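# Chain and residue survey
Letter by letter, the chains look like this.
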Amino acid sequence: MNTPESLVAAAKAGDPAAQEQVALAFEQTGEPGQALQWMGLAARSGRASAIARLGLWELVGYAMPQNSARGVEKVVTAARTGDLFALHVASVIHAGGIGAPRDLGQAVVWLVALAVRGDARAACQLGLLARSGAALGLAAQRGSQAAALFMRDQTPQTLDVDWQQVAAAIDLSAFARPFHKHQDRTDPNVWMLDGLLDPWICDYVIAMAAPTLTRGKVLDETGRETVREERTNTVMHFGLVDSDVILELVSARLAAAAEMPPENGEALGVLHYAVGEVYKPHVDYIPETLQNAPILEALGQRVRTLLVYLNDGFEGGATEFPHLKVGYKPPRGCALIFDSVKPDGRVDPMTLHVGAPPTSGQKWVISKWFRNKALRPSEAG
């Protein structure tokens, strides 16, 4: 663990903030036992963010046995103190139905509490969901790059926003309106969807992913994810802490479109391709090798893929299936779904596909993989 000696000394001296930071450092280096020990010390001192973090770990079963109900309870208890991290996690839990019933009203309550306390991301989400220029202006003023994007040429003014009033104006119809889905082919199953995500939602997803893109990885022969030249694009995967209420609404809509349980979906992935960047021929299912057996046993097989094209204005960049001699390039906000396994569950090599490179412009795509096992706690816990 590469942690400043002064921070470790402060943690040993009983500083709860330092103990929490040391715990997070151990989490990053893959030492759950040490992480749990230090986070427990910080939580016992009453530090709300540490209590929320322990709740998050118990919710997903990191460093301790999984107990979704107790994990959610810890997060909610910490959120009621007004802690920003706890409020954020609570909003994601209730928006996504993660270990607790999906409750969008309660998620908005947490968002309002965050916005009142100055959180720019929460203010941006409320502004977008309520179509409130005042809320977006204040969010931009607080430093939200996404809000600034939506403000475009408008100059943010110092405004006194009534967050309860903004919350009362929220309109979620964009996540519930009908879309058109048709099956393009069978063997393998391929579907096309029109009108899945509104343009503003596409723009928001791009804005949230852009600052944190990293080089895409592939699963190698030993079951590990590594950087290889066969994949040169960049990606962002939104884990539970990285997610937010709008992104959880997106994930729920994608799961409904794919006709898969939300809890079986992997983290929402956003792929970015600059000119010439490519993901060479590959399959989305996990090869059934000896090395991958533990992954498949624990997490299940990837059985269905949903791709949403988030932008227009680029040349090339189709999703091409060499064996099928077909390529797909849906318009902005539209999607492609295909099965990576046959109806009997056997993997289907015919689903070999290519993320073709743009020849001009940039390509942004949501990638959502669904497995045949749950990856996170459901609404029922």
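Residues numbered from 1 in each chain as written. Predicted model: local features only at pLDDT ≥ 70, side-chain atom pairs only at ≥ 80, totals over all residues. Heavy atoms only, no water.

## Re unusual backbone geometry
- Along the chain, Asp187 connects to Pro188 via a cis peptide bond; the corresponding omega equals 0 degrees.
- Mapped onto the fold, Pro188 is located in the loop between β1 (180-185) and β2 (190-194).
- Phi is positive for Asp187, which is not a glycine, with a value near 55 degrees.
- Following the sequence through the fold, Asp187 ends up in the loop between β1 and β2.
- Classification of Asp187 by relative accessible area gives exposed; the value is 58%. (Helix = DSSP H or I, 4+ residues; strand = E, 2+ residues; numbered from the N terminus. Buried < 20%, exposed > 50% of the residue type's maximum accessible area, 1.4 Å probe, protein only.)

## Observations concerning the state of the cysteines
- Applying the stated criterion across every chain, the model contains 0 disulfides.
- As a non-bridged cysteine, Cys202 has Cys334 as the owner of its nearest cysteine sulfur, 8.5 Å distant.
- Since its relative accessible area comes to 0%, Cys202 is described here as buried.
- A residue is classified by how much of its surface remains accessible, and Cys334, at 9% relative accessible area, is buried. (Disulfide = S-S within 2.5 Å.)

## Details of the nonpolar core
- Trp163, Leu306, Leu310 and Ile366 are the most contacted members of the largest nonpolar core, which totals 88 residues.
- Sequence-distant contacts of Leu306, that is, excluding residues within four places in its chain, are made with Leu196, Leu254, Ala257, Ala258, Ala335, Leu336, Ile337, Ile366, Ser367, Lys368 and Phe370. (Core = buried A, V, L, I, M, F, W, Y, C linked by side-chain atoms within 4.5 Å. Contact = heavy atoms within 4.5 Å.)

## Regarding the sheet that holds strand β8 (residues 279-282)
- Pairing within the open sheet is antiparallel, and its 4 strands lie in the order β8-β14-β11-β12. If you trace the sheet from one side to the other, it starts and ends with β8 and β12 (326-328), each paired once. Across the sheet, the mean angle separating the axes of adjacent strands is 15 degrees when strand polarity is ignored.
- Note that strand β11 (residues 319-321) and β12 share 3 bridges and pair antiparallel. Its bridge partner lying in β12, Glu320 is registered against Gly327. (Pairing = 2+ DSSP bridges. Axes fitted to C-alpha atoms, helices over the stretch in contact; angles between N-to-C directions.)

## A look at the pairing of strand β6 (residues 234-238)
- Most of β6 is tucked away: 4 of the 5 residues are buried.
- Sheet analysis places strand β3 (residues 214-215) next to β6, joined by 2 bridges and oriented antiparallel. From the neighbouring strand, Thr214 faces β6, where its bridge partner is Val235.
- When β6 meets strand β7 (residues 268-273), the two strands line up antiparallel, connected through 5 bridges. Along β7, the bridge assignment pairs His237 with Gly269.

## Quick notes on the layout of surface pockets
- Within this model, the second largest pocket holds a volume of roughly 180 Å³.
- Together, 18 residues line the second largest pocket, and Gly96, Gly97, Pro262, Glu263 and Arg376 are the ones closest to its centre.
- Counting only elements with at least two residues in the lining of the second largest pocket, the list comes to α6 (84-96), α13 (245-258) and β16 (363-371).
- Sort the elements by how many residues they give to the lining of the second largest pocket and α13 lands first, with 4 residues.
- Partitioned by chemical class, the residues of the lining of the second largest pocket number 7 nonpolar, 5 polar and 6 charged. (1 Å grid on protein atoms, 1.4 Å probe; cavity = no way out; pocket = protein on both sides within 12 Å on 5 of 7 lines; lining within 4 Å. Points joined across faces, edges and corners; volume = space filled by probe spheres on them. Nonpolar A, V, L, I, M, F, W, Y, C, P; charged D, E, K, R; others polar.)

## A look at the packing of aromatic side chains
- By the definition in use, this model includes 5 aromatic pairs.
- Summarising the aromatic geometry, the rings of Phe175 and Trp200 are spaced 6.0 Å apart at their centres and angled 85 degrees between planes, so their arrangement reads as edge-to-face. Here Phe175, found in the loop between α11 (163-168) and β1, pairs with Trp200, found in helix α12 (residues 199-209); they are 25 residues apart in sequence, far enough to count as distant.
- Classification of Phe175 by relative accessible area gives buried; the value is 11%.
- Taking relative accessible area as the criterion, Trp200 reaches 14% and is therefore assigned buried. (Phe/Tyr/Trp six-rings, centres within 6.5 Å; stacked < 30°, edge-to-face > 60°.)

## Here we look at the pairing of β1
- Across 5 bridges, the pairing between β1 and β2 is antiparallel. Residue pairing for β2: His180 is matched across the bridge by Asp194.
- Linking β1 to β2, which pair antiparallel, is a turn of 4 residues; within it Asp187 sits at a positive phi near 55 degrees.

## Comments concerning the environment of Leu36
- By secondary structure assignment, the location of Leu36 is in helix α3 (residues 32-44).
- Look at Leu36 and you get partly exposed, because its relative accessible area is 27%.
- Remark: the alpha-carbon pair of Leu36 and Arg117, spanning 81 residues in sequence, is separated by 29 Å.

## Comments concerning the pattern of salt bridges
- Within this structure, the stated rule accounts for 15 salt bridges.
- The shortest N-O distance in the salt bridge between Glu266 and Arg371 comes to 2.8 Å. One end of the pair, Glu266, is in the loop between α13 and β7; the other, Arg371, is in strand β16, with 105 residues separating them in the sequence. This pair shows no difference in class: Glu266 is buried, exactly as Arg371 is.
- Residues joined by salt bridges that share partners form a network here, namely Glu58, Arg70 and Lys74. (Salt bridge = Lys/Arg side-chain N within 4 Å of Asp/Glu carboxyl O.)

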